[in-house]
Amino acid sequence: MPAGIQESLKQRGVRLTRQRRLLLDLIDSSGLHLDAESLYQMAKERDARLNRVTVYRTLKLLKEGGLVDELDLAHFQGDQHYYETRLKKEHAHIICLRCGRVEEFFGEELQQLRAQVGSQFGFEILFARTEIGGYCPHCRALREQEEATPAAS
Ligand SMILES: [Zn+2]
Ligand SMILES: [Zn+2]
């Protein structure tokens, strides 16, 4: 685990217990956007003593400690939340509303938008969360097929 995290944890007064470290590692190494239930299932494989309540509580704590981001990814699956590490450079999420595929956009334009909003509104910006919803190439093709061949009723 990078020294930077340890330091920021100490500053925030968050103790990194074994369970917290395990979850943080899972989120960090997956590089994905996992929901609490998937994280619980993964964590359980590494430590059978972990229970659901602990995992959910730990996620909340990691979020409050500024270590992970909680996302709703345009609510493509209702109220589900997803977690990702905050060690990644700020990025926008592009979500396929049909299959749930998530892409990440790291373009320089995001920094420009941030700067522009900051100066135009006089804001000190702490975070920028950008979500773009639509259909991925695969789902676009499927949707075209569906439209071309209406289901026989
Ligand atoms: Zn898709
Ligand atoms: Zn992401």
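Residues numbered from 1 in each chain as written. Chains lettered and ligands numbered in written order. Predicted model: local features only at pLDDT ≥ 70, side-chain atom pairs only at ≥ 80, totals over all residues. Heavy atoms only, no water.

What about the coordination of the zinc ion (ligand 1)?
Surrounding the zinc ion (ligand 1) are the protein donor atoms Cys96 (SG), Cys99 (SG), Cys136 (SG) and Cys139 (SG), at 2.3 Å. One chain supplies every donor to the zinc ion (ligand 1), and in sequence these donors are spaced C-x2-C-x36-C-x2-C. What makes Cys96 buried here is its relative accessible area of 3%. What makes Cys99 partly exposed here is its relative accessible area of 44%. (Donors = N, O, S within 2.8 Å, 3.2 Å for Na, K, Ca; no water. Buried < 20%, exposed > 50% of the residue type's maximum accessible area, 1.4 Å probe, protein only.)

As for the domain arrangement of the protein chain
According to the domain assignment, the protein chain consists of domain 1 (1-88) and domain 2 (89-153). For domain 1 versus domain 2, the separation of C-alpha centres amounts to 23 Å. Across the contact, 11 residues belong to domain 1 and 13 residues belong to domain 2. Approximately 980 Å² of surface area, both sides summed, lies buried where domain 1 meets domain 2, with 58% of it carried by carbon and sulfur atoms. (Domains from an automatic or database assignment. Contact = heavy atoms within 4.5 Å. Buried area = accessible area lost by both parts, 1.4 Å probe.)

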